[in-house]
Structure formats: structure tokens, C-alpha cells
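Understanding the architecture of this molecule
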Amino acid sequence: MEKHPEQLNGIFQALADPTRRAVLSRLGKGPASISDLAKPFDMALPSFMKHIHFLEDSGLIRTHKEGRVRTCALEKKPFATVESWLSAQRALWEARTDRLEQFVTAASPKE
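Summary of the structure given here. Since this is a predicted model, take the numbers as computed values, not measurements. All residue numbers refer to position in the chain's written sequence, counted from 1. Only residues with pLDDT of 70 or above have their local features reported here, since the model is predicted, and side-chain atom pairs are shown and tallied only from 80 upward, although totals for entire chains, interfaces and linings are computed over all residues. Hydrogens are left out, water is left out, and the side-chain values use all remaining heavy atoms of the structure.

1. Some remarks on the overall build of the chain
The secondary structure listing takes helices from DSSP runs of H or I that are at least 4 residues long and strands from runs of E that are at least 2 residues long, numbered from the N terminus. For the chain, the count of helices and strands is five helices and three strands. Secondary structure of the chain in N-to-C order comes out as α-α-β-α-α-β-β-α. With the C-alpha coordinates of the chain rotated into their principal frame, the extents come out at 75 × 30 × 20 Å. For each residue, the accessible area found with a 1.4 Å probe, counting protein chains only, is set against the maximum for its type, and the residue is called buried under 20%, exposed over 50%, and partly exposed in between. Across the 111 residues in the chain, those meeting the buried criterion constitute 28%. Throughout, a residue-residue contact means that at least one pair of heavy atoms, one from each residue, lies within 4.5 Å. For the chain, contacts bridging at least 24 residues in sequence account for 51% of all contacts bridging at least 6. Carbon and sulfur atoms make up 56% of the accessible area of the chain, which totals about 8,100 Å². Here the open area of atoms and residues is found with the Shrake-Rupley method and a 1.4 Å probe, where only the protein chains shown may cover a residue.

2. Points about a nonpolar patch on the surface
Residues enter patches when their relative accessible area tops 30% and they take part in no salt bridge; the joining distance is 9 Å for like charges and 5 Å for the nonpolar side chains Val, Leu, Ile, Met, Phe, Trp and Tyr. For salt bridges, the criterion is a side-chain nitrogen of Lys or Arg within 4 Å of an Asp or Glu carboxyl oxygen. Taken together, the side chains of Leu 100, Phe 103 and Val 104 define a hydrophobic patch exposed on the protein surface, amounting to about 320 Å² of accessible area. On the secondary structure map, Phe 103 appears in helix 5 (residues 76-107). Its relative accessible area of 58% is what places Phe 103 among the exposed residues.

Here it is as C-alpha cells:
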């Protein structure tokens, strides 16, 4: 049973969108203001803010407002949750493919 299924669902939904992935990629270089993050995208600010809210709701980023400037930064903990889930999946599938390889090797005729 998964430890954090709802959190993982939200994270993977957030990662499914190329705009949100690009924002996360940019935030990987350090915090940035909403206006700096929005510059590369050809969309109205209210539309862009929907992506920011989605990322914030999924827990992947946090925002902080100082005066009129809202700054975004990555949250590391959700990425650790994803890494943990992916590691478990990798181990599961590597074990399955190892067993399949053993089965195929054992079933193959010897020359």
C-alpha cells in the first residue's frame, strides 16, 4: 500500500503539464518572482497564476509575499516522496525482470 497516495496523485498531476515542469525547472536554479517566472510564457498572468496555485497546492513550491512581489521557491520534501516511490517501483520491476531473465535462461536449450 502506498504511504502518500493523495500527495503522489497531486504531484504527478502537477508534473504532467509542460508549463509547470518548466516553472519547476527554473526554480531548481533558485527562488524567483512570479513576474520573472511568467516572462517566458505566452499567456495572461491570471492563467499563469493557475499553474502557480496548482504547484503550490501540490506542495511542490511555496510562495512568499514581500510588499508587491510574490516569490516562489521549491519545496524539497515532495520530491523526496516521489523519489522514494520511484525507488520502490524500480526495485520491484528490476526484481521482476531479473526473475524473467532467470526463467528465460533456464528454459533456453543448452548448446
